[in-house]
Amino acid sequence: MPVPSGQAIDDRTGRRWRTGFAMAWRWLTAIVGGYGFAVAAAMLVARSLPVADPLGRVEATGWPMILSFLAYAGIGLWSLHEQRLGRVSAVVWGGALVMAMLLKLLGLRP
């Protein structure tokens, strides 16, 4: 049974729309979600380090911030390389959300 030419064009247009949306979501996840993930990870590590004096706290915050640049680049590259968009979204957005909730539960340092 032959497919009418109009239906084939509609299928290609729908597929293009879905792949365009998926690519936009992938880039948004890589840029914004990767930033949120890296910042939340750096804050959680800095918060969990046992430091007593205020000057040591500054140094304890510096190293996680420096390492967060590497994490951000790695997450961005992985987000654009991984084939499964669902896995990328779940790991990046879910990880950032879980770490942010842990930070909220830990509260401010006394």
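In this numbering scheme, every chain counts its residues from 1 along its sequence in written order. Only residues with pLDDT of at least 70 are given local features in this predicted model, and only at 80 or more are side-chain atom pairs given and counted; all residues enter the totals for whole chains, interfaces and linings. Processing note: side-chain calculations cover all non-hydrogen atoms of the structure and skip hydrogens and water entirely.

Side note on the overall build of the protein
No. 1: In DSSP terms, a helix is any run of H or I states spanning at least four residues, a strand is any run of E spanning at least two, and both are numbered starting from the N terminus. Secondary structure summary: the protein contains three helices and zero strands in total.
No. 2: Counted from the first residue to the last, the protein has its helices and strands arranged as α-α-α.
No. 3: Across the 110 residues that make up the protein, the buried fraction comes to 23%.
No. 4: Considering only contacts in the protein between residues 6 or more positions apart, those separated by 24 or more positions represent 78%.
No. 5: Only the protein chains shown count as covering a residue, and every accessible area follows the Shrake-Rupley method with a 1.4 Å probe. Element-wise, carbon and sulfur atoms account for 74% of the exposed surface of the protein, whose accessible area totals about 8,100 Å². Only protein chains enter the area calculation, which uses a 1.4 Å probe; residues under 20% of their type maximum are buried, those over 50% are exposed, and those in between are partly exposed. By definition, residues are in contact when any of their heavy atoms lie within 4.5 Å.

Structural notes on the layout of surface pockets
No. 1: As a volume, the largest pocket reaches approximately 380 Å³.
No. 2: When contributions to the lining of the largest pocket are tallied by element, the ones reaching two or more residues are α1 (5-48) and α2 (54-81).
No. 3: Per element, the largest residue contribution to the lining of the largest pocket is seven residues, and it comes from α1.
No. 4: Residues are grouped as follows: Ala, Val, Leu, Ile, Met, Phe, Trp, Tyr, Cys and Pro are nonpolar; Asp, Glu, Lys and Arg are charged; all remaining types, including Gly, are polar. In the lining of the largest pocket, the residues fall into 11 nonpolar, three polar and three charged. Using only the protein atoms, space was sampled on a 1 Å grid; points where a 1.4 Å probe fits but cannot get out form cavities, open sets with protein on both sides within 12 Å along at least five of seven lines form pockets, and lining residues are those with an atom within 4 Å of a point. Grid points are joined across faces, edges and corners, and a volume is the space filled by probe spheres set on the points.

Here's the deal with α2
No. 1: Multiply 1.5 Å by the residue count of a helix minus one, and that product is the helix's expected span. Here α2 spans 41 Å end to end across 28 residues, near enough to the 40 Å set by a 1.5 Å rise per residue.
No. 2: Among all positions of α2, only Gly56, Ala60, Pro64, Ser68, Ile75, Gly76 and Ser79 are buried.

Some thoughts on the packing of α2 against helix α3 (residues 85-106)
No. 1: Here, axes are lines fitted to C-alpha atoms. For helices the fit covers the stretch in contact, and angles between N-to-C directions go from 0 to 180 degrees. Where α2 meets α3, the closest approach of the two axes is 9 Å, and the angle between their N-to-C directions is 160°. One element, α2, and the other, α3, form an angle in the roughly antiparallel class. Considering how the two elements wind past one another, α2 and α3 form a crossing that is left-handed. Together, Ile75, Trp78 and Ser79 of α2 and Arg87, Val88, Val91 and Val92 of α3 make up the contact between the two elements. Working rule for angles: under 35 degrees goes down as roughly parallel, over 145 as roughly antiparallel, 65 to 115 as roughly perpendicular, anything else as oblique. Crossing handedness follows the turn of the near helix against the far one: under a right angle anticlockwise gives a left-handed crossing, and clockwise gives a right-handed one.

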